[in-house]
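Residues per chain, in single letters:
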Amino acid sequence: MSETASTMLALGTKAPDFSLPDVSTGDTVSLADFDDSRALLVIFMCNHCPYVKNIKEALVEFANDYDEEDLGIVAISSNEVENYPDDSPEKMAEDAERFGYPFPYLFDETQEVAHAYKAACTPDFFLFDEERELVYRGQFDDSRPGNDKPVTGKDLREAVDKVLEDGSIVEEQVPSMGCNIKWKKGNEPAYFG
C-alpha cells in the first residue's frame, strides 16, 4: 500500500461534470442530478483499499446522519480493474449492498472524472457548496489503518455543518491520505508521483 495525499485542489474550483453508471442500479448518475442539494460531497473510493476499509462503516453512518439534511453524496471508483479485480463494478455492487451504501456508487472506467477532480487517493473527499464551488478537500478524520484513533468523521462533519449552516469554510483543512488511485498504464495524470 502506497500512502498518497490528496492534491488539495484549489478552493473555489467549480465541480467538474460527470455522467457515470451506478453499479447497483445501472442508472446513469450526473452532476445535474444533485441540483436540488444545497451542498454536494463527491467521494473517490474503492473496495480494496485499507484506508477506505478503515472508514466504510463510519462513512455509511455519516451519510445516514445527513440523510435529512440538504447534502447530496456520491461515491466514485476510478481504479483500473484488470490488476485490481476487487474494484470491478460487480464487486462494487456487492460492497454497496453489504455495507448498505445510502448513496450512488459510480464506476469511472475511463478515469476521466478522477482526472477532472485531480483525485489522487482513496478515500478523497470533495465538498461543494450550493454554487458547486469547492469549499473542502481533506480528510474524513485523523484515523488511519493501525493508528488506533477512533473513526468519527469529525473533520468532514465540521466542513459539512459549516457549509449547510451559513456557507462558511473550515479554515484548517488536512489532506486526505490513502492508497493512490490505480491508474491504467499510460493514463497516469501529471500530478501522480
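A quick note: this is a predicted structure, and the numbers were derived from the prediction, not measured.

**Q** Requested: an account of the packing of aromatic side chains, with residues and values cited.
**A** One pass over the structure, following the stated rule, counts eleven aromatic pairs. On the numbers, 5.7 Å between centres and 70 degrees between planes, the contact of Y117 with F126 is edge-to-face. Exposure class is identical for Y117 and F126. Each is buried. Between the aromatic rings of W183 and Y191, the centroid separation amounts to 6.4 Å while the plane-to-plane angle is 80 degrees, which identifies the pairing as edge-to-face. The exposure class assigned to W183 is buried, which follows from its relative accessible area of 9%. Accessibility expressed as a relative area gives 27% for Y191, which makes it partly exposed. The structure contains a cluster of three or more aromatic residues connected by ring pairs, namely F44, Y117, F126 and F128.

**Q** Explain the environment of N187 to me, and be specific about the residues and the numbers.
**A** Along the chain, N187 turns up in the segment after β10 (177-180). Separated by 72 residues in sequence, N187 and H115 have C-alpha atoms that sit 9.3 Å apart. Beyond its immediate stretch of four places on either side in the chain, N187 contacts T110, Q111 and H115. Within the local environment of N187, its side chain forms a polar contact with the backbone oxygen of T110, the two atoms lying 3.3 Å apart.

**Q** Explain the sheet that holds strand β1 (residues 3-5) residue by residue, including any values.
**A** If you trace the three strands from one edge of the open sheet to the other, you get β1-β10-β7, paired in antiparallel fashion. What marks the edges here is a single partner per strand, and that holds for β1 and β7 (121-122). Where β1 and β10 come together, three bridges link them in antiparallel fashion. In the sheet register, E3 faces β10, and the bridge partner there is C179. Sheet contacts for helix α1 (residues 50-65): β1, β7 and β10; angle to β10, the most-contacted strand, approximately 130 degrees.

**Q** I'd like a description of the sheet that holds strand β9 (residues 134-138), backed by residues and values.
**A** Reading across the sheet, the five strands line up as β6-β5-β4-β8-β9 and stay open at both edges, with mixed pairing between neighbours. Sheet topology places β6 (105-107) and β9 at the edges, where each strand pairs with a single neighbour. Within this sheet the neighbouring strands show an average axis-to-axis angle of 20 degrees, counted without direction. With three bridges connecting them, strand β5 (residues 71-77) and β6 associate as parallel partners. In the strand pairing of β6, A75 is matched with Y105. Against the sheet, α1 makes contact with β4 (39-44), β5 and β8 (124-128), and its axis sits at roughly 150 degrees relative to β5, the strand it touches most.

About the criteria used
- Residues numbered from 1 in each chain as written.
- Predicted model: local features only at pLDDT ≥ 70, side-chain atom pairs only at ≥ 80, totals over all residues.
- Heavy atoms only, no water.
- Phe/Tyr/Trp six-rings, centres within 6.5 Å; stacked < 30°, edge-to-face > 60°.
- Buried < 20%, exposed > 50% of the residue type's maximum accessible area, 1.4 Å probe, protein only.
- Helix = DSSP H or I, 4+ residues; strand = E, 2+ residues; numbered from the N terminus.
- Contact = heavy atoms within 4.5 Å.
- Polar contact = N/O pair within 3.5 Å; in protein donor to acceptor, adjacent residues only side chain to side chain.
- Pairing = 2+ DSSP bridges.
- Axes fitted to C-alpha atoms, helices over the stretch in contact; angles between N-to-C directions.

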